[in-house]
Amino acid sequence: MRCSLLGPIRAGASASEDPIRRRRWVCVAVLVALVPAVGACDDGPGPQNGIVLRVVSPNGPEGAALVEVVGRIDAATVTGPKSGWTLARTSADTTWVFVALRSPGELSFSLISSSGTPAARLLQVAGGGDHLRSLDGYELEMRQ
């Protein structure tokens, strides 16, 4: 068995043949795409809505989540008892927000929107050990 930066490789399997490695590469690609977009732009003053999103997990403490938000997002920050990071990437009226906690806990973050209440959906969740989870049983709770 060989090892690589992204974990062990089955004998004779390439990254494109191994579904676990392929999933890891997708996560790495998403992170690399989101890293340059750490900040958000502001086109000037306007009405702003503070919205809190919380990932309701059937598995307990989580480590990270990727959320798709439709609507203009001016800022995103981690809220709750755990500290962490948010990265955002915007294209047209859609923003992808990546939230990562320093240690596993409740994934909760706030969004500032100048275009009303956005629509959001959960795309991916990783547990505290950086293992991707199935989205079965997960909910994304939104409150203002």
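Anyway, here's the lowdown on the structure attached to this text. (Residues numbered from 1 in each chain as written. Predicted model: local features only at pLDDT ≥ 70, side-chain atom pairs only at ≥ 80, totals over all residues. Heavy atoms only, no water.)

Comments concerning the overall build of the protein
Looking only at helices and strands, the protein features 1 helix and 10 strands. In the protein, the succession of α and β elements from N to C terminus is β-β-α-β-β-β-β-β-β-β-β. Per-residue burial for the protein yields a buried fraction of 33% across its 144 residues. In the protein, the share of contacts with a sequence separation of at least 24, taken over all contacts with a separation of at least 6, comes to 70%. Working note: accessible area of the protein is about 8,300 Å², and carbon and sulfur atoms make up 56% of it. (Helix = DSSP H or I, 4+ residues; strand = E, 2+ residues; numbered from the N terminus. Buried < 20%, exposed > 50% of the residue type's maximum accessible area, 1.4 Å probe, protein only. Contact = heavy atoms within 4.5 Å. Areas by Shrake-Rupley, 256 points an atom, 1.4 Å probe, with all protein chains shown as cover.)

Observations concerning the nonpolar core
Val55, Val97, Phe109, Leu111 and Leu122 are the most contacted members of the largest nonpolar core, which has 17 residues in total. Those elements giving two or more residues to this core turn out to be strand S3 (49-56), strand S4 (62-70), strand S7 (94-105), strand S8 (108-113) and strand S9 (119-127). Apart from residues no more than four positions distant in its own chain, Val55 is found in contact with Ala65, Leu107, Leu122, Val125, Tyr138, Glu139 and Leu140. Grouped together as the second largest cluster of nonpolar side chains are 6 residues, Leu66, Leu87, Ala100 and Ala126 included. (Core = buried A, V, L, I, M, F, W, Y, C linked by side-chain atoms within 4.5 Å.)

Thoughts on the pattern of salt bridges
Applying the stated criterion across every chain yields a total of 6 salt bridges. Between Glu106 and Arg54 there is a salt bridge, and its shortest N-O distance comes to 3.6 Å. Within this pair, whereas Glu106 is found in the loop between S7 and S8, its partner Arg54 is found in strand S3, the two being separated by 52 residues in sequence. You can call Glu106 partly exposed: its relative accessible area is 39%. Residue classification places Arg54 among the partly exposed positions, given a relative accessible area of 22%. Of the charged contacts in the structure, one is a salt bridge between Glu141 and Arg54, with a shortest N-O distance of 3.1 Å. Here Arg54 lies in strand S3 and Glu141 lies in strand S10 (residues 139-143), a separation of 87 residues in the sequence. (Salt bridge = Lys/Arg side-chain N within 4 Å of Asp/Glu carboxyl O.)

Re the side chain of Thr95
Take Thr95: it is sitting in strand S7. By relative accessible area, which is 1% here, Thr95 ends up buried. Reaching out from Thr95, the side chain makes a polar contact with the side chain of Thr90 at a distance of 3.0 Å. With near-sequence residues (within four places) excluded, Thr95 lies in contact with Val67, Glu68, Val69, Gly71, Ile73, Ala88, Arg89 and Thr90. (Polar contact = N/O pair within 3.5 Å; in protein donor to acceptor, adjacent residues only side chain to side chain.)

Quick word on the sheet that holds S7
An order of S6-S7-S4-S9 is seen for the 4 strands of this open sheet, with the pairing classed as antiparallel. Among the strands making up the open sheet, the edge pair consists of strand S6 (84-91) and S9. Neighbour-to-neighbour, the strand axes of the sheet open up by a mean angle of 15 degrees, direction not taken into account. (Pairing = 2+ DSSP bridges. Axes fitted to C-alpha atoms, helices over the stretch in contact; angles between N-to-C directions.)

A look at the pairing of S6
Bridge count between S6 and S7: 8 bridges; the pairing is antiparallel. From the neighbouring strand, Ser91 faces S7, where its bridge partner is Thr94.

Quick look at the environment of Leu107
Along the chain, the position of Leu107 falls in the loop between S7 and S8. What makes Leu107 buried here is its relative accessible area of 2%. Along the sequence, Leu107 and Glu62 sit 45 residues apart, while their C-alpha atoms lie 6.6 Å from each other. The contacts of Leu107, once residues within four sequence positions are left out, are Leu53, Arg54, Val55, Glu62, Gly63, Ala64, Ala65, Val99 and Leu101.

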